[in-house]
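Structural characterization, general
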Amino acid sequence: MTLQTELLPILFVPDPRLRAKARPVAPDDQRIADLSARMLATMYKAPGIGLAAPQVGEMLRLVVLDLHENDVPAPMVLVNPQVIASTDELAAREEGCLSLPGQFAEVTRPARVKVRYQDLTGARKEIEGDGLLAACLQHEIDHLDGVLFVDHISPLKRNMLLRKLAKELKLKAQEKA
Ligand code: K1U
Ligand code: ZN
């Protein structure tokens, strides 16, 4: 018999929890190991390469990531992550978001970032990267402050994308009913 980790429902825009600021994880919070395991399972099932706790309605500064590089699982849990350095050089990359399903746009962000965080034991760690890792780290940390990738594109593109999403989600809900 295999034990299944319980999946969490992912919130979609315009849920107001996606626009709120998350609070720091307390050092003695016993729920984080279980919550991060459930977030990883939810992220793999979606599928996605990252997930922030507010996307599953938990207003905590907690992020999970796995870039699926070389098909080798490399799950990461980042507690209280913060960008401590970023380059002036920028890089543009197409981004999606599990809270805006089916919507994609090119987003320009610092090309390389250094992030400080705690692991599940509370140990202080740092991670530095560019490319997809830099985009994903910034995208997920933005979620902790209620910022979405559409906030980094022009108002015209943002409105088009949000209207398209609303239409698609309404259609899906009608099909389900
Ligand atoms: O935070 C999220 O909503 C997850 C999001 C992360 C992200 C994607 C692209 C650039 C920056 C951040 C996703 O995972 S969207 C799905 C996705 O990109 C993907 C899914 C399966 C395989 C590979 C990528
Ligand atoms: Zn997202």
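This section reports on the structure supplied with the text. (Residues numbered from 1 in each chain as written. Chains lettered and ligands numbered in written order. Predicted model: local features only at pLDDT ≥ 70, side-chain atom pairs only at ≥ 80, totals over all residues. Heavy atoms only, no water.)

**Description of the site of ligand 1**
Not every one of the 13 residues close to ligand 1 is listed here, only the nearest: Ile49, Gly50, Gln55, Leu98 and Glu140. The separation between an oxygen atom of ligand 1 and a polar side-chain atom of Glu140 is 2.6 Å. In isolation ligand 1 offers 540 Å² of accessible surface; the protein chains occlude 78% of this area. In terms of residues, the shell around ligand 1 owes the most to one element, helix α2 (residues 131-144), which gives 4 residues. (Near = heavy atom within 4 Å. Polar contact = N/O pair within 3.5 Å; in protein donor to acceptor, adjacent residues only side chain to side chain. Areas by Shrake-Rupley, 256 points an atom, 1.4 Å probe, with all protein chains shown as cover. Helix = DSSP H or I, 4+ residues; strand = E, 2+ residues; numbered from the N terminus.)

**Focus on the coordination of the zinc ion (ligand 2)**
Taken together, the protein ligands of the zinc ion (ligand 2) are Cys97 (SG), His139 (NE2) and His143 (NE2), with distances of 2.1 to 2.3 Å. We note that the donor set of the zinc ion (ligand 2) lies within a single chain, spaced as C-x41-H-x3-H. You can see Cys97 sitting in the loop between β4 (90-95) and β5 (105-110) and its partner His143 sitting in helix α2, a full 46 residues away along the chain. In this structure Cys97 comes out as buried when scored by relative accessible area, which is 9%. Here His143 falls in the buried class, since its relative accessible area comes to 2%. (Donors = N, O, S within 2.8 Å, 3.2 Å for Na, K, Ca; no water. Buried < 20%, exposed > 50% of the residue type's maximum accessible area, 1.4 Å probe, protein only.)

**Topic: the environment of Pro75**
Tracing the sequence through the fold places Pro75 in the loop between β2 (62-65) and β3 (76-86). The partly exposed category is assigned to Pro75, whose relative accessible area is 46%. Distance from Pro75 to Met39, taken between C-alpha atoms, is 11 Å for residues 36 residues apart in sequence. Leaving out residues up to four positions away in the same chain, Pro75 has contacts with Leu40, Tyr44, Leu65 and Asp66. (Contact = heavy atoms within 4.5 Å.)

Everything listed here is a matter of geometry and, on its own, says nothing about what the molecule does.
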